[in-house]
Amino acid sequence: MSIHPTAIIAESARLEDDIEVGAYSIIGDDVVIGSGCKVDSHVVISGPTTIGSNNHFYQFCSIGDDPQDKKYRDEPTRLEIGDDNTIREFCTISRGTVQDEGLTKIGDDNWIMAYVHIAHDCRIGDHCIFANNATLAGHVHVGDWAIFAGFTGAHQFCRIGAHSFLGMYAGTSQDVPAYTMIGGQPPSPKGINSEGLKRRGFDADQIRNIRKAYRVVYRSGLKLAEAIAELEGQVDSQPELGLFVESLKSSERGIIR
């Protein structure tokens, strides 16, 4: 274990033997940090927070502090972070609130760039990218492989589907279905994230099927319920449509159209 002499580690914190903690960082009570993690200088990690293995926290992050919610009254809520995440300078990630499940949760292998804010009760999947200054309000759920370009944002309770892409400055107050790209001000759908799908191993037939499904929702003139009914009948033969259909069916704020 390599801990700088100016770092402050609470007695109740549990750190694996091989982690690094830089100068002037503070690890608070009820923080658990797994093997291979690196905490640079001037990082504050508050608890209850559980962090997995091989995460890198760059300088001046604030991790696991109180939620920015005026209803918060010092309830014992939590933050959980998985493995292999990169969290760059000045990021803020809050614990949950009792108005939800009391938990903010981040998965594995996410790339979180400078000044990103992930608010209370958010759920982030795996392999996501958040470019500089992306901001999530409370209770936002983000699926695997989603990408937020710089200065994007999501309104509270939004659902951002797997493999979706939010273009620069595209703050959304509605749900973004899986595979869908949005952009502009105000944001609007711009097609599917075909380039991202190619990079992740989707073949030409799968991408063609997803594009056709997108057109059923956005180009056919059908009502959403009618479009869902049509696509549900295709999921057995085209399983790649399952994520898309489920993101449509589970939307509570309404999808961006």
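Values in this document were obtained by computation on a predicted structure and should not be read as measured data.

Enquirer: Tell me about a nonpolar patch on the surface, and name the residues and values.
Expert: On the surface, Ile8, Ile26 and Val44 cluster together into a nonpolar patch covering about 220 Å² of accessible area. The topology assignment puts isoleucine 8 in strand S2 (residues 8-9). Judged by relative accessible area, which is 51%, isoleucine 8 ranks as exposed.

Enquirer: An account of the sheet that holds strand S7 (residues 38-39) is needed here, citing residue identities and associated values.
Expert: On the basis of which strands lie adjacent, the open sheet formed by 11 strands has the order S1-S4-S7-S10-S13-S16-S19-S22-S25-S27-S28 and mixed pairing. On the outer flanks of this sheet lie strand S1 (2-3) and strand S28 (188-192), each paired with one strand and no other. Two strands pair when backbone bridges link them, and strand S16 (residues 111-112) and strand S19 (residues 129-130) are joined in this way by two bridges, in the parallel orientation. Residue pairing for S19: tryptophan 111 is matched across the bridge by isoleucine 129. Contacting strand S27 (180-183) and S28, helix H2 (residues 204-218) runs over the sheet at an angle of about 155 degrees to S28.

Enquirer: Give me the pattern of salt bridges: which residues, what numbers.
Expert: Evaluated as defined, the whole model comprises eight salt bridges. Here aspartate 69 makes a salt bridge to lysine 71, at a shortest N to O gap of 3.1 Å. The partner of arginine 88 in a salt bridge is glutamate 89, and the shortest N-O contact between them spans 3.0 Å. Overall, arginine 88 belongs to the partly exposed group, its relative accessible area being 23%.

Enquirer: Help me get a handle on the pairing of S27, residues and values and all.
Expert: Examined bridge by bridge, strand S25 (residues 165-166) and S27 share two bridges and lie parallel to one another. Paired with phenylalanine 165 across the strands is methionine 181, a residue of S27. The pairing of S27 with S28 spans three bridges and is antiparallel. Looking at S28, one finds that isoleucine 182 is bridged to proline 189.

The rules we used
- Residues numbered from 1 in each chain as written.
- Predicted model: local features only at pLDDT ≥ 70, side-chain atom pairs only at ≥ 80, totals over all residues.
- Heavy atoms only, no water.
- Patch = residues over 30% accessible without salt bridge, like charges linked within 9 Å, V, L, I, M, F, W, Y side chains within 5 Å.
- Areas by Shrake-Rupley, 256 points an atom, 1.4 Å probe, with all protein chains shown as cover.
- Salt bridge = Lys/Arg side-chain N within 4 Å of Asp/Glu carboxyl O.
- Helix = DSSP H or I, 4+ residues; strand = E, 2+ residues; numbered from the N terminus.
- Buried < 20%, exposed > 50% of the residue type's maximum accessible area, 1.4 Å probe, protein only.
- Pairing = 2+ DSSP bridges.
- Contact = heavy atoms within 4.5 Å.
- Axes fitted to C-alpha atoms, helices over the stretch in contact; angles between N-to-C directions.

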